[in-house]
Amino acid sequence: MTKLFRRPVKVPMRGAVVLITGGGLGIGQLMAVEAARRGAKAVVIWDLTRATETERLIAQANPATLVRLDEVDVTQNIDEVAAEVLAEFGRVDILINNAGIVTGKNFLELTDADVERTFAVNTLSHYRTTRAFLPGMLERDRGSVVTIASAAGLVGVARQTDYSASKFGAVGFAESLRAELRHHGSNVHTLLYCPYYISTGMFDGVKTRFSALLPILRPEKVAKQIIDAIEAGTQMKVAPPIVRLVQLIKPLPVPLIDTMLDIFGINSTMDDFTGRA
């Protein structure tokens, strides 16, 4: 029987084998360095290109942390490289599904290829990676599966019909996985992280109307916040905290919701979007 109240399952970085998708740049790179700084046994980086700069920064942060770099397209079959990781380290303790892309196009500008690629990276890849490493976590009854989603996974945003929908899918995946693990009495931890825009270059050109309430987030702070949340056993976190209001206003009439989002300028945030060069 599922317990009504369960204490957070804390997952320490020290001694852990951590795998991060999209770890070659941005918050993926920063999380890798932070994990090493906190004593991770090994950090495995999956990215489209060999992330040698991430490797250098990890070595600088903690020379004792082992590093493995794999050129991986998470939209393709990852079984072989996942098996290699498990053969080398014996386990993955913390899986951070961080890889993500954005087109920033208006709906009628999107091609089928755009939409399929966005969902393949932002949503479907989570199924492949989690399927590869969750069995070992369940066997050991410990570990963490982290879903880096977005505030756009909580509310639809103009020029994000592909991105927002894919992040809604990631949110649903994370919430259902948490429910399933809890239902079966597992101690495997899950974290769903939903940030506002982060100044990594991925969303270059976006703007925010009320920067005091909805600031463009600093990647260094975000990376530390995610690692802190894993170690604290937090199961869902939004950044900044005011993003939580999105969930609270959902029962309101649609015209009122739309008016509130317009007041905050949410649907104009992408007007000058350019993205990473």
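Here the structure is a predicted model, which means the values were calculated and not measured.

The rules behind the values
- Residues numbered from 1 in each chain as written.
- Predicted model: local features only at pLDDT ≥ 70, side-chain atom pairs only at ≥ 80, totals over all residues.
- Heavy atoms only, no water.
- Core = buried A, V, L, I, M, F, W, Y, C linked by side-chain atoms within 4.5 Å.
- Buried < 20%, exposed > 50% of the residue type's maximum accessible area, 1.4 Å probe, protein only.
- Contact = heavy atoms within 4.5 Å.
- Salt bridge = Lys/Arg side-chain N within 4 Å of Asp/Glu carboxyl O.
- Helix = DSSP H or I, 4+ residues; strand = E, 2+ residues; numbered from the N terminus.
- Arc of directions from axis to C-beta.
- Polar contact = N/O pair within 3.5 Å; in protein donor to acceptor, adjacent residues only side chain to side chain.
- Pairing = 2+ DSSP bridges.
- Axes fitted to C-alpha atoms, helices over the stretch in contact; angles between N-to-C directions.
- Right-handed = clockwise from strand over helix to strand, strands pointing away.
- Phe/Tyr/Trp six-rings, centres within 6.5 Å; stacked < 30°, edge-to-face > 60°.

A. Focus on the nonpolar core. In this structure, Val-18, Ile-96, Phe-203, Ile-226 and Ile-230 are the most contacted members of the largest nonpolar core, which totals 62 residues. Beyond its immediate sequence surroundings of up to four residues, Phe-203 is in contact with Val-102, Gln-160, Tyr-163, Tyr-197, Met-270 and Phe-273.

B. Fine view of the pattern of salt bridges. What the rule picks out here adds up to 13 salt bridges. Among the salt bridges present, the one from Glu-231 reaches Arg-38, with a minimum N-O distance of 2.9 Å. Residue Glu-231 is found in helix H6 (residues 219-232), and its partner Arg-38 is found in the loop between helix H1 (26-37) and strand S2 (42-47); the two are separated by 193 residues along the sequence. Close ionic contact of Lys-224 with Asp-228 constitutes a salt bridge, the shortest N to O distance being 3.1 Å. Pair noted here: Lys-224 and Asp-228 are both in helix H6, with a separation of 4 residues, about one helical turn.

C. Fine view of helix H3 (residues 79-89). Of all the positions in H3, only Val-81, Ala-82, Val-85 and Phe-89 are classed as buried. Projected down its long axis, H3 carries its buried residues within an arc of 105°, all on one side. Those residues of H3 that are exposed and angled more than 90 degrees off the buried face are Asp-79, Glu-80 and Ala-87. Residues of H3 that are buried make contact with strand S1 (17-21), S2, strand S3 (66-71) and helix H4 (112-140). Positive backbone phi, at 85°, marks Gly-90, one or two positions downstream of H3.

D. Up close: the environment of Glu-53. By the secondary structure assignment, Glu-53 is in helix H2 (residues 52-61). On the basis of relative accessibility, which here comes to 36%, the residue Glu-53 falls in the partly exposed class. Taking the C-alpha atoms as reference points, Glu-53 and Val-146, separated by 93 residues in sequence, lie 23 Å from one another. A distance of 2.7 Å separates a polar atom in the side chain of Glu-53 from a polar atom in the side chain of Arg-56.

E. Fine view of the sheet that holds strand S6 (residues 189-195). Here we have 7 strands laid out as an open sheet, ordered S3-S2-S1-S4-S5-S6-S7, and parallel in their pairing. Two strands in the sheet have a free side with no partner beyond their single neighbour: S3 and strand S7 (236-239). Going from strand to strand, the sheet's axes swing by 15° on average, the running direction of each strand aside. Of the pairings in the sheet, the one linking S1 to strand S4 (residues 94-97) comprises 3 bridges and is parallel in character. The residue bridging Val-18 from the neighbouring strand is Ile-94, located in S4. Sheet strands touched by H2: S2 and S3. Its angle to S3, the strand with the most contacts, is close to 170°. Here helix H5 (residues 163-183) sits on the sheet and contacts strand S5 (144-148) and S6; the angle it forms with S6, its principal contact strand, is near 155°.

F. Broad picture of the pairing of S4. Across the two faces of S4 the burial is the same, with Ile-94 and Ile-96 and Leu-95 and Asn-97 all buried. Between the parallel pair S4 and S5, the chain is carried across by H4, and the sense of this crossover is right-handed.

G. The packing of aromatic side chains, seen in detail. In total, this model carries 7 aromatic pairs according to the counting rule given. Aromatic side chains Trp-46 and Phe-133 sit 5.9 Å apart centroid to centroid with 55° between the ring planes, which places their arrangement in the tilted category. Within this pair, whereas Trp-46 is found in strand S2, its partner Phe-133 is found in helix H4, the two being separated by 87 residues in sequence. Assigned by exposure class, Trp-46 and Phe-133 land together as buried.

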